[in-house]
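Architecture and fold: a report
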Amino acid sequence: MALSAERQWKNLYEDIKKDKQEALRRLQELQLEVNSMKHQMEETVVICEERVNEERMRLMTAEERPQAAMTRARDYMVEQEKDVVHWRRKFSQLAALANGAIDDIPRMLREVDTVTFRDPSREVQTFLDHYKWLVEQMKILIARVRD
């Protein structure tokens with residue numbers, strides 16, 4: 001009797017497991033269908049918007065068309081002016097950072113040179129020598145740009 005009940009529970013479990021797998025498979029299929037329909041609807045909306053804009057342009061009078069073009073051009077110019085202001089600000093910030101580095105690095109190297117190291121490692125000495133060389137190259141480059 002106990003064996004029969006256990007078998008019934010096992011069969012019931014297997015049936016539920018199969019039903020669950022089937023439901024998940026069907027859910028995935030439905031999700032794909034929904035995604036496909038969503039994509040089709042989005043395409044339809046884009047096509048309809050394009051048709052509405054084309055119809056609007058067709059119905060515009062000869063006076064309205066240039067006015068609409070002027071409005072679009074003004075809007076574009078406003079956006080471009082905003083971009084110019086943004087990039088000028090970013091360039092100024094970058095220039096300030098570069099100028100600070102140009103001022104600070106040579107001073108910091110002079111300060112390091114005044115400190116007496118007891119047998120600095122080869123790597124540290126190589127790093128300092130490279131930085132000194134880099135500062136000299138920057139000075140040469142700046143002098144060329146100024147001339």
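This one's a predicted model, so the numbers in the text were calculated from it and none came from an experiment. (Residues numbered from 1 in each chain as written. Predicted model: local features only at pLDDT ≥ 70, side-chain atom pairs only at ≥ 80, totals over all residues. Heavy atoms only, no water.)

Quick word on the overall build of the protein chain
Along its length, the protein chain carries 3 helices and 0 strands. Taken from the N to the C terminus, the helices and strands of the protein chain come in the order α-α-α. Principal axes of the C-alpha set define a box for the protein chain whose edges measure 95 × 80 × 15 Å. Taking all 147 residues of the protein chain together, the buried fraction comes to 4%. Put simply, the protein chain has 26 plus and 28 minus side-chain charges, and the middle of one group is 2 Å from the middle of the other. (Helix = DSSP H or I, 4+ residues; strand = E, 2+ residues; numbered from the N terminus. Buried < 20%, exposed > 50% of the residue type's maximum accessible area, 1.4 Å probe, protein only. Lys, Arg positive; Asp, Glu negative; His and termini not counted. Charge placed at Lys NZ, Arg CZ, Asp CG, Glu CD.)

Structural notes on the environment of arginine 51
Secondary-structure assignment places arginine 51 in helix α1 (residues 2-59). Between the alpha carbons of arginine 51 and valine 145 there is a distance of 55 Å; along the sequence they are 94 residues apart.

Overview of the confidence of the model for the protein chain
Of all residues in the protein chain, 95% attain a pLDDT of 70 or more, and the chain-wide mean is 83. Put simply, helix α3 (residues 122-146) is where the protein chain has its lowest mean pLDDT, 81, and α1 is where it has its highest, 86. (pLDDT = per-residue confidence, 0-100.)

A closer look at a nonpolar patch on the surface
On the surface, Trp9, Leu12 and Ile16 cluster together into a nonpolar patch covering about 350 Å² of accessible area. Within the secondary structure, leucine 12 is located in helix α1. (Patch = residues over 30% accessible without salt bridge, like charges linked within 9 Å, V, L, I, M, F, W, Y side chains within 5 Å. Areas by Shrake-Rupley, 256 points an atom, 1.4 Å probe, with all protein chains shown as cover. Salt bridge = Lys/Arg side-chain N within 4 Å of Asp/Glu carboxyl O.)

Observations concerning helix α2 (residues 64-114)
For α2, which comprises 51 residues, the first-to-last C-alpha distance of 75 Å matches the rise-based estimate of 75 Å (1.5 Å per residue) to within 8%. Restricting attention to buried positions, one finds in α2 the residues Ala68, Pro106 and Leu109. (Expected span 1.5 Å × (residues − 1).)

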